Every structure is written in structure tokens, then in C-alpha cells.
Amino acid sequence: MSNTIYIILTILWFCVMCFFTFQPGPDTVKVSGRVTRVVEDVIGVLFYTDEDILERRIRFLAHPIEFAILTVLGLKAVGRRLTIITIGVLILWSVVSEVLKKHIPGRHCNGIDMIGNIIGVGIGTGLSFLLF
């Protein structure tokens, strides 16, 4: 794929992330509740699952997963020449996006989620070097 396609995919993924990141609290709970029910239906056949614990884990895992995807797409979009700058911007965004949640009704700034975001940037960086 050309860089243009990766640039478009990066922008689209960033928009999706912002949509979910900046939803009011009740709306984000509805989304994570739906995802939890799907996962519970899939693994509930084999394992007993506590829905509240499962939802908290899914909500946490969303952070590193979404930032890993953003990092892979972003690094592929900019190429090797801007790797360090891109990683720095993504780490900064992983913190800023959590801090901005303080101003959204029903949301909060969570240090654990910041760590999850930064872990996602690390995973995405590693994957981009392994895959490309």
C-alpha cells in the first residue's frame, strides 16, 4: 500500500478513537456493555464470567489495542524518517487524551489508562518494526 492509504487509514482510526474517547460516560458504558455481552456470549460457553470484571478488563484492553493500531498505521504513514517524532506525538496524545476526559460528563482521567495507552504505543512500535 502507498503512504497515502496509510495516511487516510490513520486519520480515520484517529477519528474513531476520538469518537469513543470523548463520549459522555453513559454513552461509553452502553458501547462497552454491548462489547462485553458479545465476548461473554463467546467465552461464556466455556468459562464462568463475572460481567462487571469482564467489562472492566475489556475497557482497559481497549486502550493499548487502539493505540497499538494507531501507532502501526501512523508509523507506516510517515515512514522511517519521522519515527521518533511520531512516537513522541503518540505518547503525548496518549496522556493528553486521558487528561481531556476530565471535562466530559461521566468521564475521568485515569493514570492506569494512560499507562495502557503508552503500552499500546510500545506494542505498535514493536509490531511496525517486526512487520514492515
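Residues numbered from 1 in each chain as written. Predicted model: local features only at pLDDT ≥ 70, side-chain atom pairs only at ≥ 80, totals over all residues. Heavy atoms only, no water.

A. A look at the overall build of the protein. Looking only at helices and strands, the protein has 5 helices and 0 strands in total. Taken from the N to the C terminus, the helices and strands of the protein come in the order α-α-α-α-α. Across the 132 residues of the protein, 37% fall into the buried class. Looking at the protein as shown, the accessible area adds up to about 8,000 Å², and 74% of this sits on carbon and sulfur atoms. (Helix = DSSP H or I, 4+ residues; strand = E, 2+ residues; numbered from the N terminus. Buried < 20%, exposed > 50% of the residue type's maximum accessible area, 1.4 Å probe, protein only. Areas by Shrake-Rupley, 256 points an atom, 1.4 Å probe, with all protein chains shown as cover.)

B. The packing of aromatic side chains, seen in detail. The tally for this structure, following the rule as stated, stands at 3 aromatic pairs. Between the aromatic rings of Phe14 and Trp93, the centroid separation amounts to 5.4 Å while the plane-to-plane angle is 50°, which identifies the pairing as tilted. Of this pair, Phe14 sits in helix α1 (residues 3-21) while Trp93 sits in helix α4 (residues 83-100), and the two are 79 residues apart along the sequence. Ring centres 6.3 Å apart and planes at 70° place the aromatic pair Phe22 and Trp93 in the edge-to-face group. Within this pair, whereas Phe22 is found in the loop between α1 and α2 (25-43), its partner Trp93 is found in helix α4, the two being separated by 71 residues in sequence. Judged by its relative accessible area of 27%, Phe22 is partly exposed. Through successive ring pairs, a cluster of aromatic residues spans Phe14, Phe22 and Trp93. (Phe/Tyr/Trp six-rings, centres within 6.5 Å; stacked < 30°, edge-to-face > 60°.)

C. Main features of α1. The terminal C-alpha atoms of α1 lie 26 Å apart, and with 19 residues this matches the ideal 27 Å at 1.5 Å per residue to within 8%. Residues of α1 that are buried include every one of Tyr6, Thr10, Met17, Cys18 and Thr21, and no others. Buried positions in α1, seen along its axis, are confined to an arc of 110° and lie on one side of it. Of the exposed residues in α1, those oriented more than 90 degrees away from the buried face are Leu12 and Phe19. (Expected span 1.5 Å × (residues − 1). Arc of directions from axis to C-beta.)

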